[in-house]
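Architecture and fold: a report
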Amino acid sequence: MQPKTKKSFKLTDTYILLVILVVLFAFFSLANKQFIAYNNISTMLKNMVLTGVLALGLTPLMIARGLDISFGNSISFTSVVMAVLFTVGGLNLWLSLLIGVLVATLIGFINGLLIEKFDLIPIILTLGTMAILQALALVVANTFTQTYSILMLTDQLYYFATRTFLKIPYPLFILIIFVAIFWFVLTKTKVGRTIYLIGANPKVAYLCGVKVTKVKILLYTFMGFVAGIGAVLIVSLTGVGMSYHGAKLSLPTLSAVLLGGISLMGGSGSVWGTLIGVLIVTVIFNGLSVLNVPSYYIQLFQGLALIIIVAAYEIRNKRAQAF
Amino acid sequence: MNEIKKNDFLNTINPFNKNSMTPTLLIVYAFMVLIFSLINPLFISLANIKSIMANLTISGIMAVGLTTVILTGNFDISVGSILGVSAIVCAKLYNIGDTYIPLPFVILAGIAAGAAIGAINGFLVTVVGINSIITTLGTLAVFRGLAYLYGTETAQIYYKPYVVMGRGYIFKYIPLTLVYFIAILVVMYLVLRFTKFGRNIYQIGANSQAARLAGVSIKRTTFYTFVISGATAGIGGILLSSQLAFAQGEFGLGYEFKILTICVLAGISLAGGRGTLVGVLVATLILGSIANGLSLSKVPIEWRDAFEGLILIIAIMVDSVRVRRRALLRA
């Protein structure tokens, strides 16, 4: 279907990223032995699950030219909702988690509905929902518990976050399941091809009879669901539902996705690219904190990384066009 | 033919034509004032009006700069971080030992810091060719990080003239900052309306292809709009640090959002090419009064952000409906 030259082009792209990953890994392990200790690796993998799941959720959305930057605040809000339902409402653990995920899904649906029905610029609308969700997270937490972080310690969540199977932490399995499902849907099914078609050219997709609006609203809804899963993960990993949980998630996730080769113009990107992007971002930030770099620098690096990544892709694209 | 074209252009930039959002905004503002003053009569007291006017000017000045960027169809969401950096630059200049640095130099340094960051944004957007949202999202993080790094401890400012610059009043009632705001607004209004540069900005936003064919240097004009936006954010940093007499790394956190809301509310179309600075003046008044009115109505402070978010969403929805209607009319 695709011309052969283009396919080999993409393959090298992923290889370059892999090489970068290996180099970074080698650098940090040489710089500090702590980096390759089992404890650090397992912490790193656990932290990666959250970014990874979110980045995977963004992948099909961004392939189809959508964008959502409110997921971090959606996580803050739903984690608060879960914790309030569980501690103040006295609800069953599973029920409160389920309601939280449903709330997040609803938020995604509303985002999608507004963006698609009113033809809004996704990043601006989700900037608005970001502010509203942040405020809601603060208000809900404050009115019910008078604090901004609500303890939600249960045996089940604790086991889930700390137990391992064959030395692999449990949360990592969620990521593996996600990768498998996303890879299958995006490459082997009609839905996946539809998503790529919408991203490559929405007009052509519409003329081909694809219900573009419907598919994109579904993708936004699904991104909301993924944020809900993210909230479950963060609550189980930290044991609290907090109003500021997701505030710093947007930038690394977005960097990871863009690093993985997803363009803002849509139509390109793959699950493997995103996964490697997530790995690179995780290795960089974990490596920096193992080296005791102050957190201000880490924020600075995040921004720089984002700019450099996109600039590199942009320059390469220009060069490719020149030929 | 030429006559029609000219009229069309004048209509685009005339604040009071029927396509403009300004009259609607004025009605909304009148209602808002009515409701807030019914809830709490203090809202229309002289002292309160004075404080509203003194507080809204910083976002107003920055909105004027951002307007030029949005008119070309781009965005700059790094303005809050630019404000932080510029405030810290100014405050640090007053804290290097015993050396006395003259006021004009400090002001210039603050504006230059802002303009330099704006130039970086402009370079990345026009020469490298990165999408402006992503560029400024990156610079937002970078310069926020820098601001935190150099602003970990509060830098106090003891120099009186610098502080008076932000806190002073003319004739007892008119805040100095309001004077700066109006001056900048008027100058930019004239530039946008009567100079070639201003017309180029509108042209690029309305139809960049046509602008390019007409010989407008898109890259240079866009670059300058980012520099202007950076410089106004730098002025915002100077004024904020002078009003509070100190500077911190947190200065300007979340401003991008507030200022974007002002611009969208003002009817500056996100598609570019539409909207006037008169709208910005009214929108600044509305947003500045909302924050004040809500706190006088005893609404918890967290709700204020939610309210502003809601206003942003409603404003972009109205904008999108208007753009669509125009497209239908044209077709």
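Given the structure is predicted, the values throughout are model-derived calculations rather than measurements.

**So, the overall build of chain B**
A count of helices and strands for chain B gives 14 helices and four strands. For 331 residues, the compact-globule formula gives about 20 Å, and the C-alpha radius of gyration of chain B, at 20 Å, lands near that figure. Taking all 331 residues of chain B together, the buried fraction comes to 51%. Considering only contacts in chain B between residues 6 or more positions apart, those separated by 24 or more positions represent 79%.

**Brief notes about the overall build of chain A**
Broken down by element type, chain A carries 13 helices and four strands. Relative to the 2.2 N^0.38 estimate, which gives 20 Å for 323 residues, the radius of gyration of chain A is 20 Å and therefore close to what a compact globule would have. With respect to the three principal axes, the spread of C-alpha positions in chain A is 60 × 50 × 35 Å. In chain A, which comprises 323 residues, the proportion classed as buried is 47%. Here the analysis covers contacts within chain A between residues at least 6 apart in sequence; of these, 80% occur between residues at least 24 apart.

**Digging into the nonpolar core**
Of all hydrophobic cores here, the largest spans 191 residues; its most connected members are V53 and L306 of chain A together with C263 of chain B. If you tally residues by element for this core, the top one is helix α10 (residues 212–238) of chain A, at 14 residues. Excluding its chain neighbours within four sequence positions, the residues that come into contact with C263 of chain B are A63, L66, T67, I70, I268 and V280 of chain B.

**Brief notes about the interface of chain A and chain B**
Each partner contributes residues to the interface: chain A has 33 residues there, and chain B has 35 residues. Counting only elements with at least two residues in the side of chain A that touches chain B, the list comes to α5 (122–145) and α13 (295–322) of chain A. In terms of residue count, α13 of chain A provides more of the side of chain A that touches chain B than any other element does, 14 residues in total. Considered class by class, the residues forming the side of chain A that touches chain B number 24 nonpolar, six polar and three charged.

**Description of helix α2 (residues 38–63) of chain A**
Structurally, the α-helix is built with 3.6 residues per turn, so residues lying three or four positions apart point the same way. All names here are of chain A. Here α2 contains 26 residues, and its C-alpha end-to-end distance of 35 Å stays within 8% of the 38 Å for a straight helix at 1.5 Å per residue. The largest bend in α2 is about 30°, located at V49. Two residues or fewer after α2 comes R65, characterised by a positive phi angle close to 70°.

**Considerations on the packing of helix α4 (residues 93–118) of chain A against α5 of chain A**
All names here are of chain A. In contact at an axis separation of 10 Å, α4 and α5 are set at 145° when each is read in the N-to-C sense. The interaxial crossing formed by α4 with α5 has right-handed handedness. Contact with α4, carried on its side by I107, N111, L114 and I115, involves P122, L125, T126, T129 and L133 of α5 and no other residues of that element. Residues of the contact of α4 with α5, tallied by class, amount to six nonpolar, three polar and no charged.

**Describing unusual backbone geometry**
Look at R65 of chain A: it is not a glycine, yet its phi comes out positive at around 70°. Within the secondary structure layout, R65 of chain A lies in the loop between α2 and α3 (71–87). The phi dihedral of A245 of chain B falls on the positive side, at around 60°, and the residue is not glycine. Within the element layout of this structure, A245 of chain B appears in the loop between α11 (218–244) and β4 (246–247).

**Quick word on α11 of chain B**
Taking 1.5 Å as the rise per residue, α11 of chain B with 27 residues should run 39 Å; its terminal C-alpha atoms sit 39 Å apart, in good agreement. A positive phi of about 60° marks A245 of chain B, the residue just after α11 of chain B.

**Topic: the environment of G57 of chain A**
All names here are of chain A. By the secondary structure assignment, G57 is in helix α2. In this structure G57 comes out as buried when scored by C-beta crowding, with 27 C-beta atoms within 10 Å. As for G57 and F160, which are separated by 103 residues in sequence, their C-alpha atoms are 22 Å apart. The residues touching G57, leaving out its near neighbours within four places in the chain, are F222, M223 and V226.

**Some remarks on the confidence of the model for chain B**
With 91% of its residues at a pLDDT of at least 70, chain B reaches an overall mean of 84. Taking the mean pLDDT of every element in chain B, the minimum, 52, falls on helix α1 (residues 2–13) of chain B and the maximum, 93, on α11 of chain B.

**Here's the deal with the environment of L312 of chain B**
Within the secondary structure, L312 of chain B is located in helix α14 (residues 301–330). Each C-alpha atom, one on L312 of chain B and one on G80 of chain B, is 17 Å from the other, the two residues being 232 residues apart in sequence.

**Quick notes on the packing of helix α2 (residues 22–39) of chain B against helix α13 (residues 277–296) of chain B**
The relative placement of two packed helices is expressed as an angle between their axes plus a distance between the axes. Residues and elements named next belong to chain B. Across the interface, α2 lies against α13 with an axial gap of 10 Å and an inter-helix angle of 20°. By the criterion of interaxial angle, the relationship of α2 to α13 is roughly parallel. Like other packed secondary-structure pairs, α2 and α13 cross with a definite hand, here left-handed. In this structure, α2 uses T22, L25, L26, V28, Y29, M32, V33 and F36 to contact α13, whose residues at the interface are V278, G279, V282, A283, L285, I286, S289, G293 and L296. For the contact of α2 with α13, the residue count by class is 13 nonpolar, four polar and no charged.

**Topic: the environment of E314 of chain A**
If you trace the backbone, E314 of chain A turns up in helix α13. For E314 of chain A, a count of 18 C-beta atoms within 10 Å puts it in the partly exposed group. Here the alpha-carbon distance between E314 of chain A and I168 of chain A, two residues 146 residues apart in the chain, equals 38 Å. Beyond its immediate sequence surroundings of up to four residues, E314 of chain A is in contact with V128, G129 and I130 of chain B.

**A short note on the confidence of the model for chain A**
For chain A, mean pLDDT is 82; residues scoring 70 or higher make up 95% of the total. Counting contacts from residues 1–10 of chain A, a segment whose pLDDT is below 50, to residues more than four positions away or on other chains yields one contact.

What counts and what doesn't
- Residues numbered from 1 in each chain as written.
- Chains lettered and ligands numbered in written order.
- Predicted model: local features only at pLDDT ≥ 70, side-chain atom pairs only at ≥ 80, totals over all residues.
- Helix = DSSP H or I, 4+ residues; strand = E, 2+ residues; numbered from the N terminus.
- Rg over C-alpha atoms; globule rule 2.2 N^0.38 Å.
- Buried ≥ 20, exposed ≤ 12 C-beta atoms within 10 Å, placed from the backbone.
- Contact = placed C-beta atoms within 7 Å.
- Core = buried A, V, L, I, M, F, W, Y, C linked by C-beta atoms within 7 Å.
- Nonpolar A, V, L, I, M, F, W, Y, C, P; charged D, E, K, R; others polar.
- Expected span 1.5 Å × (residues − 1).
- Bend = angle between axes of the 7 residues up to and from the residue.
- Axes fitted to C-alpha atoms, helices over the stretch in contact; angles between N-to-C directions.
- Left-handed = near helix turned anticlockwise from the far one by under 90°.
- pLDDT = per-residue confidence, 0-100.
- Parallel < 35°, antiparallel > 145°, perpendicular 65-115°, else oblique.

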